[in-house]
Amino acid sequence: MDVDNRLLRSFLAVAQEGSLTRAAERLFVSQPALTKQIRQLESRLGVPLFERSRAGMALTAAGRALAARAPGLLAEWDATLRETRSAASRAERMLRVGFLASAANEATPRIVAEFTRTRPGWRVDMRQATWSNPTAGLATGDVDVALLRLPFPGQEHMRVETLLTEPRWVALPSAHPLAASDVIPFRELWDEPFVAAPAETGQWRKYWLAADERDGHPVRIGAVADQPDDWLSAIANGYGVALSPASSARFYARPGITYRPVSGVSPSRLAVAWSPTDDGNPVIQDFVRCCLDSGSEPNPVT
């Protein structure tokens, strides 16, 4: 019987948190999606793993047995997968770098150029991910290192070095009444429909909706997008507005869309991230140093 390791990870999060709500937040997934995964695992194993009550999720005897073995199984699998892919990268002299949207902004070509000078004969394979994959493949070992917006799921288990900080602005249709404002207080956007990332991204989606900075005011979702082109189209067509890094005004300028500064919302941080298992990998550490040397802002904007 095959069991998807994603199901094991979901099970372990619920077992450790004792709550579907907290586990869903930790995994950056929606609670219904997590509930479905737990039921799917129980169905495959043919045994109940939790006793559900208003107090939370308590492990059954079978659940306790699985919880004792799951961390070791997952750690061994992760190490094996990472070593296999790392060996392939070394043989090809290629570093796989995951990223979202504009990567490290204007610093990206400088970072790549510095790395190739540091490591002659090596190539950098830049792999853009959709927003439903906010770790850009780092969590699954599909890439060696990633340029990511914080926070991202599983961040506490990764090494992270912040490269730059920039304000979050708002992208809105150019015909919107607020488009002529010099600065828009975030409170004036609370009742606007927002273009959001997919629900399964959980806390990452909530961050870009600034859900925790609304004093409890509910979020309205006007459209869902998983990549920049769809996001831009939804905004231009009037389905909603969206928070974005200030640099989006440069990288994603488009007729029909206006970007404006927003007050009363925290800034965005961009970082280079890698697995702790690669602390001793000289190639990855060279790339990290190139990021810090070429991608960091001496006086980040806050």
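Throughout what follows, the structure given in this document is the object of discussion. Bear in mind that the values here come from a model prediction, so they are computed numbers and not experimental data.

Basis of the calculations
- Residues numbered from 1 in each chain as written.
- Predicted model: local features only at pLDDT ≥ 70, side-chain atom pairs only at ≥ 80, totals over all residues.
- Heavy atoms only, no water.
- Salt bridge = Lys/Arg side-chain N within 4 Å of Asp/Glu carboxyl O.
- Helix = DSSP H or I, 4+ residues; strand = E, 2+ residues; numbered from the N terminus.
- Buried < 20%, exposed > 50% of the residue type's maximum accessible area, 1.4 Å probe, protein only.
- Expected span 1.5 Å × (residues − 1).
- Arc of directions from axis to C-beta.
- Axes fitted to C-alpha atoms, helices over the stretch in contact; angles between N-to-C directions.
- Parallel < 35°, antiparallel > 145°, perpendicular 65-115°, else oblique.
- Left-handed = near helix turned anticlockwise from the far one by under 90°.
- Contact = heavy atoms within 4.5 Å.
- Nonpolar A, V, L, I, M, F, W, Y, C, P; charged D, E, K, R; others polar.
- Pairing = 2+ DSSP bridges.

What the rule picks out here adds up to twelve salt bridges. The residue Arg52 makes a salt bridge to Glu42 at a minimum N-O spacing of 3.1 Å. Highlighted residues: Arg52 in strand 1 (residues 50-53) and Glu42 in helix 3 (residues 31-45), separated in sequence by ten residues. Glu42 gets classed as buried once you look at its relative accessible area, which sits at 12%. Note that Asp144 is salt-bridged to Arg96, the shortest N-O span being 2.6 Å.

For helix 3, spanning 15 residues, the distance from its first C-alpha to its last is 21 Å, which sits close to the expected 21 Å at 1.5 Å a residue. Among the residues making up helix 3, those that are buried are Leu34, Thr35, Gln37, Ile38, Leu41 and Glu42. Take helix 3 and look down its axis: the buried residues cluster within an arc of 160°, on one side only. Exposed residues pointing more than 90 degrees away from the buried face of helix 3 are listed as Pro32, Lys36, Arg39 and Ser43.

Moving on to the packing of helix 1 (residues 5-17) against helix 3. Interhelical geometry of helix 1 versus helix 3 gives an angle of 110° and a closest axis separation of 9 Å. The pairing of helix 1 with helix 3 is recorded here as roughly perpendicular in orientation. Crossing of helix 1 over helix 3 shows left-handed handedness. Here Arg6, Leu7, Ser10, Phe11 and Val14 of helix 1 come into contact with helix 3, specifically with Leu34, Gln37, Ile38, Gln40, Leu41 and Arg44. Here the contact of helix 1 with helix 3 is built from residues that sort into six nonpolar, three polar and two charged.

Each strand in a sheet pairs with its neighbour through backbone hydrogen bonds, running either in the same direction (parallel) or in the opposite one (antiparallel). Overall, mixed pairing links the four strands, which are arranged 8-12-7-11 in an open sheet. Edge positions in the sheet fall to strand 8 (184-185) and strand 11 (242-245), since each has one partner strand and no second. Sheet topology places strand 7 (residues 168-173) next to strand 11; four bridges connect them, and they run antiparallel. Within strand 11, the position partnered with Trp169 by the bridge is Ser244.

What follows is about the packing of helix 1 against helix 2 (residues 20-27). In the contact formed by helix 1 and helix 2, the axes pass within 8 Å of each other and the chain directions differ by 130°. With respect to their mutual orientation, helix 1 and helix 2 come out oblique. Here helix 1 and helix 2 pass one another in a crossing that is right-handed. Contact with helix 1, carried on its side by Ser10, Ala13, Val14, Gln16 and Glu17, involves Leu20, Arg22, Ala23, Arg26 and Leu27 of helix 2 and no other residues of that element. Class assignment of the residues belonging to the contact of helix 1 with helix 2 gives a composition of five nonpolar, two polar and three charged.

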